[in-house]
Amino acid sequence: MTLTVAVPVVGPPAAGKTTLTARLGQAPGCAVFRLREHVPETILAATATSAERLGWIDDFNVVTALRGYLDTTVKGDQTSTVFFDNFPGTGTQVRLFLAALEQHAPGCTVHAVELASEVTTLYRRAFQRRVCHRCERDPIHDPRLPAEPSAEDAQRCARCGGILHPRRGDAPRLLRARLQRYRQTADGIRQAFAEAGVAVTRLNSGTSPEQTAQAVTALLTSRIRQL
Ligand SMILES: [Zn+2]
């Protein structure tokens, strides 16, 4: 199985990128790339100490992580479609990403998706969403994956029964800074894709996760038929 489709999913914080990619990545032959999972712990720890950096990882480590992942995925031969959760994060990263794909998976098509929501929706989601420190053993104790609350007690994890917590980056001050940073970088991301001839499909993620996932699947199916 060759890697033939790459789907970068970008958008502001709390737009639903992780939920969407996790859902789509479950299909056979599909996988999800999350940058943090491929970056050495020491590098992650360095990003966590400063609110200004907001988890920012330098381009050298980004490229190393991405190329390592692509190399393993292509050699593993089990994956035809990779969803990139919240990646690339800047215009420069778009160029590095496309160059790496070209080298490791020549001929792979790229369908970029940008999720968009009302700012009030983003704030509400960020306020409501919870993570589980027990189910997601994050190297720097900053879990990101959405946890399912238990039906009996919404404060507890449906999977392990542990107490759920807000995401560290969802604290109002950090969320505001992350939203602002996304606004500043989004144009560069769109522009770099446009320069490379890659269309970016904007999807309103204010609907349910199921609807957003269906919209992406429909988009990919129709594009593949056109080829
Ligand atoms: Zn749990």
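Up top you'll find the structure we're talking about.
All residue numbers refer to positions counted from 1 along the written sequence of the respective chain. Where totals are concerned, whole chains, interfaces and linings use all residues; where local detail is concerned, this predicted model gives features only for residues with pLDDT of at least 70, and gives and counts side-chain atom pairs only at 80 or more.

(A) Structural view of the overall build of the chain. Secondary structure assignment for the chain yields seven helices and six strands. A run of H or I in DSSP counts as a helix once it spans at least four residues, and a run of E counts as a strand once it spans at least two, with each numbered from the N terminus. Reading the secondary structure of the chain in the N-to-C direction produces β-α-β-α-α-β-α-β-β-α-α-β-α. Taken along the three principal axes of its C-alpha coordinates, the chain extends 50 × 35 × 35 Å. Residues with at least 20 neighbouring C-beta atoms inside 10 Å of their own are called buried, those with 12 or fewer are called exposed, and the rest are partly exposed, where every C-beta is derived from the backbone. Relative to its 227 residues, the chain shows a buried fraction of 31%. Contact between residues is assigned whenever the C-beta positions, reconstructed from backbone atoms, fall within 7 Å. Of the contacts made within the chain by residues no fewer than 6 positions apart, 75% connect residues no fewer than 24 positions apart.

(B) Inspection of the packing of helix α3 (residues 59-76) against helix α4 (residues 91-104) at higher detail. In contact at an axis separation of 10 Å, α3 and α4 are set at 30 degrees when each is read in the N-to-C sense. In this view, α3 runs roughly parallel relative to α4, as classed from their interaxial angle. Between α3 and α4 the crossing geometry is right-handed. Every residue of α4 that contacts α3 at Asp 59, Val 62, Val 63, Leu 66, Arg 67, Leu 70, Asp 71 and Val 74 is listed here: Thr 92, Gln 93, Leu 96, Phe 97, Ala 100, Leu 101 and His 104. In this classification, the charged set is Asp, Glu, Lys and Arg, the nonpolar set is Ala, Val, Leu, Ile, Met, Phe, Trp, Tyr, Cys and Pro, and all remaining amino acids, among them Gly, are polar. Here the contact of α3 with α4 is composed, by residue class, of nine nonpolar, three polar and three charged. For every element, the axis is a line fit to its C-alpha atoms; helices are fit only across the contacting stretch, and the angle between N-to-C directions ranges from 0 to 180 degrees. Angles are sorted into four bins: roughly parallel if under 35 degrees, roughly antiparallel if over 145, roughly perpendicular if 65 to 115, and oblique for all others. Left-handed is the label given to a crossing in which the near helix is rotated counterclockwise from the far helix by less than a right angle, and right-handed is the label when the rotation is clockwise.

(C) Geometry of the environment of Thr 217. Looking at where Thr 217 falls in the secondary structure, it is placed in helix α7 (residues 209-226). Sequence-wise, Thr 217 and Val 200 are 17 residues apart; in three dimensions their C-alpha atoms are separated by 15 Å.

(D) Structural detail: the nonpolar core. Grouped together as the largest cluster of nonpolar side chains are 40 residues, with contacts concentrated most on Val 9, Val 82, Phe 83, Phe 84, Leu 101 and Val 113. Considering each element in turn, this core owes the most residues, five residues, to α3. Definition of nonpolar core: a set of buried Ala, Val, Leu, Ile, Met, Phe, Trp, Tyr and Cys residues joined via C-beta atoms within 7 Å. Formed by five residues, the second largest nonpolar core is a distinct cluster that contains Val 131, Cys 132, Ala 147 and Cys 157.

(E) Representation of α4 in the model. Here a helix's expected span is defined as the number of its residues, less one, multiplied by 1.5 Å. Taking 1.5 Å of rise per residue, 14 residues should cover 20 Å, and α4 covers 20 Å from first to last C-alpha, within 8% of that figure. Of the surrounding secondary structure, the elements contacted by the buried residues of α4 are β1 (5-10), α3, β4 (109-110) and α6 (172-195).

(F) Spotlight on unusual backbone geometry. The step from Phe 87 to Pro 88 runs through a cis peptide bond, and the omega angle for that step is -5 degrees. In this structure, Pro 88 sits in the loop between β3 (81-85) and α4. Even without a glycine there, the phi angle at Asp 77 is positive, about 65 degrees. By secondary structure assignment, the location of Asp 77 is in the loop between α3 and β3. Residue classification places Asp 77 among the exposed residues on the basis of 10 C-beta atoms within 10 Å.

(G) The packing of α4 against α6, seen in detail. Interhelical geometry of α4 versus α6 gives an angle of 35 degrees and a closest axis separation of 7 Å. The crossing of α4 and α6 is right-handed. On the side of α4, the interface is formed by Gly 91, Val 94 and Arg 95, while α6 contributes Gly 188, Ile 189, Gln 191, Ala 192 and Phe 193. Taken together, the residues of the contact of α4 with α6 sort by class into four nonpolar, three polar and one charged.

(H) Structural view of the pairing of β3. With five of five residues buried, β3 lies mostly within the body of the structure. Burial along β3 is two-sided: the residues Thr 81, Phe 83 and Asp 85 and Val 82 and Phe 84 are all buried. Pairing geometry for β1 and β3, over five bridges, is parallel. In the strand pairing of β3, Ala 6 is matched with Val 82. When DSSP finds two or more bridges between two strands, those strands count as paired. The pairing of strand β2 (residues 30-33) with β3 spans four bridges and is parallel. Each bridged residue has a counterpart across the sheet, and for Phe 33 the counterpart in β3 is Phe 84.

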